[in-house]
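Observations on the model geometry
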Amino acid sequence: MAAPAYFYGRQEATEAAKIEAAKNALNRIENLEKNNANFRKLSDRDRCLVFMRDSGLPERECD
């Protein structure tokens, strides 16, 4: 019974880390949008790729 609880807790920690990385990436991207005219000219897909790369998430989600 302890092993499933351990893996569940480990999975929750991994998900929490991904969420935190996404929040941090979103803050950095918002700053890019405010301060970088070239970034504002990017297509939605290219912006998504920047977000995914910056947060360490899989790029295939942008397709």
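Here is what the cut-offs are and how they apply
- Residues numbered from 1 in each chain as written.
- Predicted model: local features only at pLDDT ≥ 70, side-chain atom pairs only at ≥ 80, totals over all residues.
- Heavy atoms only, no water.
- Salt bridge = Lys/Arg side-chain N within 4 Å of Asp/Glu carboxyl O.
- Helix = DSSP H or I, 4+ residues; strand = E, 2+ residues; numbered from the N terminus.
- Buried < 20%, exposed > 50% of the residue type's maximum accessible area, 1.4 Å probe, protein only.
- Disulfide = S-S within 2.5 Å.

Quick word on the pattern of salt bridges
Working definition: two side chains of opposite charge can pair if their charged atoms are close together. Inspection of every chain in the model, using the stated rule, returns three salt bridges. A salt bridge links R47 to E33; its shortest N-O distance comes to 3.0 Å. Of this pair, R47 sits in helix 3 (residues 44-55) while E33 sits in helix 1 (residues 2-35), placing them 14 residues apart in sequence. By relative accessible area, which is 23% here, R47 ends up partly exposed. Residue classification places E33 among the partly exposed residues on the basis of a relative accessible area of 28%. In this structure, R53 and E59 form a salt bridge, with 2.8 Å as the shortest nitrogen-oxygen distance. Judged by its relative accessible area of 53%, R53 falls in the exposed class.

Quick word on the state of the cysteines
In the structure shown here, the tally under the stated rule is one disulfide. Across the disulfide from C48 sits C62; the S-S distance is 2.0 Å. Every disulfide takes its handedness from the sign of the S-S torsion; for C48 and C62 that torsion is -85°, giving left-handed. Taken together, the residues C48 in helix 3 and C62 in the segment after helix 3 connect sequence positions 14 residues apart. By relative accessible area, C62 is classed as buried at 12%.

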